[in-house]
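Notes for the structure review
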Amino acid sequence: MIEATSCGGVVIHRGKILALFKSYRNRYEGWVLPKGTVEPGETFERTALREVREEADVRASIVKYIGKSQYNFSIPEDTVTKDVHWYLMMADNYHSRPQREEYFVDSGYYKYHEIYHLLRFANEKQIVEQAYQEYLEMRNNGSWRGKRYY
C-alpha cells in the first residue's frame, strides 16, 4: 500500500463556493474541489494555497483548518491511501480559470445547495458541509477574515 498526502481548499467568496469540473480522457468526469500533492519541504497550508492558485487561478487566504478526509484508490501496481487536509479559504473576487493541463475544463463559484449536488465525491460534500457551517458561524459573529499566505 502506498500512502499519499494532499491539501486543498474550500474557497468562498460572498457565500459562494469554488468548484472545478474535471474531464479526463472520457474516463473521469465530475465537479471537485481544488487540491493537490504536498511537495517536499512544503507546509500543508502552502500546498493548499498553491493548489488553489494553480488549478483555479484563484488568490485565496486561509481562514482556518477544517479537517482531514481519507480515501483509497487503485493503480495498476498497488492501492493508494490518500489523506487530504482541507482549509476554509476566502477569495477576494469571483475570478477563476481552470488549469487545462490538469484536465479542468470549467470552474466557478456556486451556492451551497448547488455545489452540494454538483460535487462528485461524498468526502468532498462532507468537507463542504463542515466548511460552510464554519463560514456561516464566522460571518454571523463578525470574525470572517482571512490571513494572506500566497
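Calculation notes
- Residues numbered from 1 in each chain as written.
- Predicted model: local features only at pLDDT ≥ 70, side-chain atom pairs only at ≥ 80, totals over all residues.
- Heavy atoms only, no water.
- Helix = DSSP H or I, 4+ residues; strand = E, 2+ residues; numbered from the N terminus.
- Rg over C-alpha atoms; globule rule 2.2 N^0.38 Å.
- Contact = heavy atoms within 4.5 Å.
- Areas by Shrake-Rupley, 256 points an atom, 1.4 Å probe, with all protein chains shown as cover.
- Lys, Arg positive; Asp, Glu negative; His and termini not counted.
- Charge placed at Lys NZ, Arg CZ, Asp CG, Glu CD.
- pLDDT = per-residue confidence, 0-100.
- Salt bridge = Lys/Arg side-chain N within 4 Å of Asp/Glu carboxyl O.
- Buried < 20%, exposed > 50% of the residue type's maximum accessible area, 1.4 Å probe, protein only.
- Polar contact = N/O pair within 3.5 Å; in protein donor to acceptor, adjacent residues only side chain to side chain.
- Core = buried A, V, L, I, M, F, W, Y, C linked by side-chain atoms within 4.5 Å.

For the rest of this paragraph, the subject is the overall build of the chain. Summing up its helical and strand segments, the chain has 3 helices and 8 strands in all. Element order for the chain, N to C, with α for helix and β for strand: β-β-β-β-α-β-β-β-α-α-β. Taken over C-alpha atoms, the radius of gyration comes to 15 Å for the chain, in line with the 15 Å a tight globule of 150 residues would show. Contacts in the chain between residues at least 24 apart in sequence constitute 70% of all its contacts with a sequence separation of at least 6. Surface accessibility of the chain: about 8300 Å² in total, with carbon and sulfur atoms responsible for 45%. Of the side chains in the chain, 22 bear a positive and 21 a negative charge, and the two mean positions are spaced by 6 Å.

With that settled, consider the confidence of the model for the chain. Summary statistics for the chain give a mean pLDDT of 92 and a share of 95% for residues scoring 70 or more. The spread of mean pLDDT over the elements of the chain runs between strand 8 (residues 147-148), the lowest at 56, and helix 1 (residues 44-56), the highest at 97.

With that settled, consider the pattern of salt bridges. A complete count under the given rule lists 9 salt bridges for this structure. Of the charged contacts, one joins Lys 35 and Glu 124 as a salt bridge, the two residues approaching to 3.3 Å between their closest N and O atoms. One end of the pair, Lys 35, is in strand 4 (residues 35-37); the other, Glu 124, is in helix 3 (residues 122-141), and 89 residues separate them in sequence. Glu 124 shares its class with Lys 35; the two are buried. The shortest N-O distance in the salt bridge between Lys 68 and Asp 83 comes to 3.9 Å. Of the two residues, Lys 68 is situated in strand 5 (residues 60-75) and Asp 83 in strand 6 (residues 78-91); the sequence distance between them amounts to 15 residues. Looking at Asp 83, the relative accessible area reads 19%, which means it is buried. Each of Glu 39, Glu 42, Arg 50, Glu 51 and Glu 54 takes part in salt bridges that share partners, so that together they form one network.

Turning our eyes to something else, we now look at the side chain of Asp 57. Relative to the helices and strands, Asp 57 resides in the loop between helix 1 and strand 5. At a separation of 2.8 Å, a polar atom in the side chain of Asp 57 contacts the side chain of His 95. Excluding residues that lie within four positions of it along the chain, Asp 57 makes contacts with Val 52, His 95 and Arg 97.

What follows is about the nonpolar core. Across soluble globular proteins, nonpolar side chains show a tendency to be buried alongside one another. Ranked by size, the top nonpolar core spans 23 residues in total, and within it Leu 88, Ile 115 and Trp 144 carry the most contacts. Elements with a contribution of two residues or more to this core: strand 1 (2-13), strand 2 (16-24), strand 5, strand 6 and helix 3. It is helix 3 that provides the largest number of residues to this core, a total of 6 residues. Apart from residues lying up to four places away in sequence, Leu 88 is in contact with Val 10, Ile 12, Ser 61, Ile 62, Val 63, Lys 64, Ile 66, Ala 131, Glu 134, Tyr 135, Met 138 and Trp 144. Val 32, Val 52, Ala 56 and Phe 104 belong to the second-largest nonpolar core, a separate cluster that totals 18 residues.

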